[in-house]
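# Geometric and topological summary
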Amino acid sequence: RGRPAAMEAREPLRDVRGALRAVLARLREGEPSEGREPFELPRFWDALGQTFQVTSQEATKLSLAFSRPPLPSAENCRKLSEDVQNAILAVATVYYWLPKGQGTTLRKMVRDATTEVVEGMIQLTDTILNAPMESLSQEQLISTGGVWEACEQASNLPRDNQAAVASALAACLGVVKDAVEEMEHALVEGQDPYGDIMEDEELGFRGNRDTYWSEADRQLLSSCMGLMKASKACLKKVLAAVKAHGKADSPEHIAQLDDLADIANEISPSVDELALSMYPPVNPLAVRLNAAKLASVLKKVLEIAKTSHVCPPSEEGWVQFLTGAVDHNMNKVKNFTQGQL
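Residues numbered from 1 in each chain as written. Predicted model: local features only at pLDDT ≥ 70, side-chain atom pairs only at ≥ 80, totals over all residues. Heavy atoms only, no water.

Taking an unreviewed UniProt entry as the reference, the chain is identified by name as CCDB1 protein belonging to Irena cyanogastra. Annotation of the chain in UniProt includes, under Sequence similarities (unreviewed entry), the sentence "Belongs to the CCNDBP1 family." (UniProt positions renumbered as here; feature names shortened; annotations may be inferred.)

In structure tokens form, the structure reads like this:
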């Protein structure tokens, strides 16, 4: 029994790989059907959990079948391939049950998890198709583990849009915290922002304006730091308000939460842009533009939070305080850059 028989046995797997790629393409662009029957979240989660579990088991079966001689017969391979394909189609079908009305933030997280499972299975079929058939390759072990991990994600998914938005905000907060710490570290009085890269003996003393901050730069940058810290405070407060008061019990509440998540997603890229423009040589106009962009995103976040159900009267104090902090720091940035205009 030479190579041809082996190739022959694997033929059905090629077809499955093609079918899975088509499922993946549809998932990436696909819009769900608005369900015809009344939708129940608990039923959805049960079904999704089950389809992920079955997929995990099918991956194990497929991998074992191709892990040692003798190879599965063409007939067996056809059966295995069919089971894999059915498992993945079931996963995609259940994902499509989830209506947009349950929240776009939630749907995106479920879609990402679903996509990962399909990608993992494509990777596994690839590995089996490309491997020499005599033994279980390291790649095949890794790919199989990849499918297991992707399938386990189902149990960690947020269960409704309130939980989904809280988890999205927490992720943004983490990124912004890191950016603020990095910038604070660089700004420590007297520290050379490029100290770690520029320790070149031959260059000797650098009197080069391009690599350090002037006193005027530092004044401007302290107001930018003020804006960055306000970003962190904003996300922290909005996250706490979503956890305390957020509800996913009506279309209106679900939509308000999505609006918050969408605008909060703009904070961290805006913080990064501002931080990048703060490194020497400082171009005050670029700094001012990036500061203004961040300030306007923050004002929008505060505005959307204030008019939503997550901010009852008890939350109004910090909304006002942070709105004032954003204006105050932005005005200082304007004053410091006035002469540049």
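### Notes on the packing of aromatic side chains
The description of an aromatic ring pair uses the distance of the two centres, along with the angle that the planes make with each other. Here the structure, examined in full by the defined rule, presents four aromatic pairs. When the ring of Y95 is compared with that of Y96, the centres are 5.3 Å apart and the planes differ by 55°; the resulting orientation is tilted. Look at Y95 and you get buried, because its relative accessible area is 0%. A relative accessible area of 10% places Y96 in the buried class. Taken together, the ring pairs connect F39, F44 and W45 into an aromatic cluster. Directly above the ring of W45 sits R159, whose terminal nitrogen or CZ lies 4.3 Å from the centroid. (Phe/Tyr/Trp six-rings, centres within 6.5 Å; stacked < 30°, edge-to-face > 60°. Buried < 20%, exposed > 50% of the residue type's maximum accessible area, 1.4 Å probe, protein only. Lys NZ or Arg CZ within 6 Å of the ring centre and 35° of its normal.)

### Re unusual backbone geometry
With glycine set apart, most residues show a phi of negative sign, and most peptide bonds adopt trans. At the junction of P69 and P70, the peptide bond is cis and its omega measures out at -5° in the coordinates. Within the fold, P70 resides in the loop between α2 (41–65) and α3 (74–97). For the peptide bond that leads from P280 to P281, omega is -5°, which places it in the cis range. Along the chain, P281 falls in the loop between α9 (267–277) and α10 (284–306). (Helix = DSSP H or I, 4+ residues; strand = E, 2+ residues; numbered from the N terminus.)

### Some words on helix α6 (residues 161–187)
With 27 residues, α6 extends 39 Å between its outermost C-alpha atoms, agreeing within 8% with the 39 Å of an ideal straight helix rising 1.5 Å per residue. For α6, the N-terminal capping position is held by D160, with its side-chain oxygen 3.1 Å away from the main-chain nitrogen of Q162. (Expected span 1.5 Å × (residues − 1). Polar contact = N/O pair within 3.5 Å; in protein donor to acceptor, adjacent residues only side chain to side chain.)

### Quick notes on the environment of I254
Of note, I254 is situated in helix α8 (residues 251–264). Here the alpha-carbon distance between I254 and Q102, two residues 152 residues apart in the chain, equals 6.8 Å. Excluding anything up to four places from it in sequence, I254 contacts G101, Q102, G103, N161, K247 and A248. (Contact = heavy atoms within 4.5 Å.)

### Focus on the nonpolar core
Residues M228, V242, I267 and M278 are the most contacted members of the largest nonpolar core, which totals 53 residues. Of all the elements in the fold, those that place two or more residues in this core are α6, α7 (215–245), α8, α9, α10 and α11 (316–337). Here the element with the most residues in this core is α7; it accounts for 13 residues. Aside from chain neighbours lying at most four places away, what touches V242 is Q162, V165, A166, L169, L257, L260 and V310. Among the nonpolar cores identified, the runner-up in size contains 42 residues, and L24, L124, A154 and A164 belong to it. (Core = buried A, V, L, I, M, F, W, Y, C linked by side-chain atoms within 4.5 Å.)

### Some remarks on a negative patch on the surface
Taken together, the side chains of D178, E181, E182, D272 and E273 define an acidic patch exposed on the protein surface. Where the negative patch is concerned, the elements lending two or more residues are α6 and α9. A per-element tally of the negative patch places α6 first, with three residues. With respect to the element layout, E182 can be found in helix α6. (Patch = residues over 30% accessible without salt bridge, like charges linked within 9 Å, V, L, I, M, F, W, Y side chains within 5 Å. Areas by Shrake-Rupley, 256 points an atom, 1.4 Å probe, with all protein chains shown as cover. Salt bridge = Lys/Arg side-chain N within 4 Å of Asp/Glu carboxyl O. Lys, Arg positive; Asp, Glu negative; His and termini not counted. Charge placed at Lys NZ, Arg CZ, Asp CG, Glu CD.)

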